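Given next are the chains, with one letter for each unit.
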Amino acid sequence: MEPVTPAPAPSLALWKKHKGTLTPWLFLLPGLLMFAIYVLIPIVQSIWISFHEWDGLGDKAWIGLGNYVELLDDDTFYTSLKNNFLWLVLYLLAIPGGLAVALFLNQNVMGIRLYKSLFFFPFVISQVVVGLMFTWFYAPDFGLFSALIEKLTGQQIAILADERFVTYGIIVAGLWPQTAYCMILYLTGLNNINPEQVEAARMDGAKGLKLLWHVILPQLAPASFIALVVTVIGSLRSFDLVSIMTAGGPYGSSQILSYFMYEQALSEYGYRMGYGAAIAVVLFLIMMVFITLFIVRMLSQERNS
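First things first, this report covers the structure right here in the doc. What you see is a predicted model; the values in this text were computed from it and never measured.

**Some thoughts on the overall build of the protein**
Then comes step 1: Helix and strand counts for the protein come out as 15 helices and two strands.
Then comes step 2: Against the compact-globule benchmark of 19 Å for 305 residues, the protein has a radius of gyration of 26 Å, which places it well outside the compact range.
Then comes step 3: Taking the principal axes of its C-alpha atoms as reference, the protein extends roughly 110 × 75 × 30 Å.
Then comes step 4: Per-residue burial over the protein gives 35% buried out of 305 residues.
Then comes step 5: By sequence separation, contacts in the protein at least 24 residues apart represent 65% of the contacts at least 6 residues apart.
Then comes step 6: When the accessible surface of the protein is summed, it comes to about 19300 Å², and 68% of that surface belongs to carbon and sulfur atoms.

In structure tokens form, the structure reads like this:
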């Protein structure tokens, strides 16, 4: 009589049947757990807190949409929105600026590595250091920019103390490292360009801007997409430069949503966690609009390729 082979356990049989499907999810599980704990759950908690009046220590008081209604009547909120829009529009200058620098550095000439390291330098230093450097650069008494303006116009201009120019001055400071980052993306893209297509275009008479527009830029589309994504997100969450250079001043004229949120909820003068959470939710929704558009565009490109 032949021995009877025991049937495999149901869990083992299930694993063997779906091994190909379950294995990738097992590898993704630690990352998904971290993402849920440190991203998804805090987002849900922030939305929940935004419906309360809370000082961060005592009991929460449910007020529904009260924080959002108050936000619509807050002049500082509209100033922050306007400044965030300026950041978004002007920060996009980093993309063509980075492309121009990358095209300049993509040459085989003597000393080009030194120039590359000099242009790469702004990206590796801290944003805090960038803010301090530009604060000194704009300083009316000894700043190089102020000295130059005084020679050209005969009077000094305190950029960071003037409501008309302060936001533009901070944006210029942010464009310096952001342009370096876009430059790195485009240099990587230029190294992956198909030289045969470039040579074929040159044999057909294409050169200069025509060659750049019809041959090189289409091959740099992935780098341009990444540069656009990181630049837009960076413009909406630019907190450190405002904090270091002006702390939202003068008179709140350089406020942006991220610093306004910090000032209301987390600074030494802030105790309104619910109000700060409402500002954070508005900023999150604005960012989600752009992120969703980028993801939809990326998926459509993958389907068409």
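**A look at the nonpolar core**
Then comes step 1: Membership of the largest hydrophobic core comes to 42 residues, with the highest contact counts inside it found for Trp 87, Ile 170 and Met 245.
Then comes step 2: Among the elements of the structure, α4 (75-91), α5 (94-105), α7 (127-138), α9 (166-191), α10 (195-203), α11 (208-219), α12 (221-236) and α13 (240-245) are those that each provide at least two residues to this core.
Then comes step 3: Among the elements that line this core, the one with the most residues is α9, at eleven residues.
Then comes step 4: The residues touching Trp 87, leaving out its near neighbours within four places in the chain, are Thr 167, Ile 170, Ile 171, Ser 235, Ser 238, Leu 241, Val 242 and Ile 256.
Then comes step 5: Leu 88, Phe 225, Leu 236 and Met 287 belong to the second largest nonpolar core, which has 18 residues in total.

**Some details on the packing of α9 against α12**
To characterise two packed helices, one gives the angle between the axes of the helices and the distance between these axes.
Then comes step 1: Orientation of α9 relative to α12, taken along the N-to-C sense of each, is 160 degrees, at an axis distance of 9 Å. The angle between α9 and α12 places the two elements in the roughly antiparallel class. In this structure, α9 meets α12 at a crossing whose hand is right-handed. Residues Gln 178, Tyr 181, Cys 182, Leu 185 and Tyr 186 of α9 pack against Ala 223, Ser 224, Ile 226, Ala 227, Val 230 and Thr 231 of α12.

**With respect to the packing of aromatic side chains**
Then comes step 1: In this structure the tally under the stated criterion is 19 aromatic pairs.
Then comes step 2: Both rings, one in Phe 51 and one in Trp 62, keep their centres 5.7 Å apart while their planes meet at 35 degrees; by these two values the pair is tilted. Here the residue Phe 51 occupies a position in the loop between α2 (19-49) and β1 (52-53), and Trp 62 occupies one in strand β2 (residues 61-62), the gap between them amounting to eleven residues.
Then comes step 3: Judged by centre distance (6.1 Å) and plane angle (85 degrees), the rings of Phe 225 and Phe 294 are edge-to-face. Of this pair, Phe 225 sits in helix α12 while Phe 294 sits in helix α15 (residues 273-304), placing them 69 residues apart in sequence.

**Topic: the side chain of His 52**
Then comes step 1: Counting through the fold element by element, His 52 comes out in strand β1.
Then comes step 2: Each residue touching His 52, except ones within four places of it in the same chain, is listed here: Lys 60, Ala 61, Trp 62, Ile 63, Asn 67 and Gly 274.

**Things to note about unusual backbone geometry**
Then comes step 1: A cis amide bond links Gly 249 with the next residue in sequence, Pro 250, at an omega value of -5 degrees.
Then comes step 2: You will see that Ala 247, though not glycine, has its phi angle at about 55 degrees, which is positive.
Then comes step 3: Inspection of the secondary structure puts Ala 247 in the loop between α13 and α14 (257-265).
Then comes step 4: Even without a glycine there, the phi angle at Tyr 251 is positive, about 55 degrees.
Then comes step 5: Turning to its location among the elements, Tyr 251 is positioned in the loop between α13 and α14.
Then comes step 6: Residue classification places Tyr 251 among the exposed residues on the basis of a relative accessible area of 76%.

**Quick look at α11**
Then comes step 1: Here α11 is twelve residues long and its end C-alpha atoms lie 16 Å apart, about the 16 Å a rise of 1.5 Å per residue gives.
Then comes step 2: Among all positions in α11, only Leu 211, Leu 212, Val 215 and Ile 216 are buried. All buried residues of α11 project into a common sector of 130 degrees when viewed along the axis, lining one side. Opposite the buried face of α11, at more than 90 degrees from it, the exposed residues are Leu 209, Lys 210, Trp 213 and His 214.
Then comes step 3: On its buried face, α11 is in contact with α5, α9 and α10.

**Quick notes on the environment of Trp 136**
Then comes step 1: With respect to the element layout, Trp 136 can be found in helix α7.
Then comes step 2: Assessed through its relative accessible area of 51%, Trp 136 is described here as exposed.
Then comes step 3: In this structure, the C-alpha to C-alpha distance between Trp 136 and Ser 146, residues ten residues apart in sequence, is 9.8 Å.
Then comes step 4: Filtering out sequence-adjacent residues up to four positions away, Trp 136 remains in contact with Phe 142 and Gly 143.

**Considerations on the environment of Ile 170**
Then comes step 1: Mapped onto the elements, Ile 170 comes out in helix α9.
Then comes step 2: On the accessibility criterion, Ile 170 (1% relative accessible area) is buried.
Then comes step 3: Placed 68 residues apart in sequence, Ile 170 and Ser 238 show a C-alpha to C-alpha distance of 9.9 Å.
Then comes step 4: The contact partners of Ile 170, leaving out residues within four places of it in the chain, are Trp 87, Leu 160, Leu 241, Val 242, Met 245, Thr 246 and Ser 254.

**A word on the side chain of Asn 84**
Then comes step 1: Considering the arrangement of structural elements, one finds Asn 84 in helix α4.
Then comes step 2: Overall, the relative accessible area of 4% leaves Asn 84 in the buried class.
Then comes step 3: A distance of 2.8 Å separates a polar side-chain atom of Asn 84 from the backbone nitrogen of Leu 257.
Then comes step 4: If we skip the residues at most four places from it in the chain, Asn 84 touches Ser 235, Leu 236, Ile 256 and Leu 257.

What counts, and at which threshold
- Residues numbered from 1 in each chain as written.
- Predicted model: local features only at pLDDT ≥ 70, side-chain atom pairs only at ≥ 80, totals over all residues.
- Heavy atoms only, no water.
- Helix = DSSP H or I, 4+ residues; strand = E, 2+ residues; numbered from the N terminus.
- Rg over C-alpha atoms; globule rule 2.2 N^0.38 Å.
- Buried < 20%, exposed > 50% of the residue type's maximum accessible area, 1.4 Å probe, protein only.
- Contact = heavy atoms within 4.5 Å.
- Areas by Shrake-Rupley, 256 points an atom, 1.4 Å probe, with all protein chains shown as cover.
- Core = buried A, V, L, I, M, F, W, Y, C linked by side-chain atoms within 4.5 Å.
- Axes fitted to C-alpha atoms, helices over the stretch in contact; angles between N-to-C directions.
- Parallel < 35°, antiparallel > 145°, perpendicular 65-115°, else oblique.
- Left-handed = near helix turned anticlockwise from the far one by under 90°.
- Phe/Tyr/Trp six-rings, centres within 6.5 Å; stacked < 30°, edge-to-face > 60°.
- Expected span 1.5 Å × (residues − 1).
- Arc of directions from axis to C-beta.
- Polar contact = N/O pair within 3.5 Å; in protein donor to acceptor, adjacent residues only side chain to side chain.

In short, shape yes, function no, at least from these values alone.
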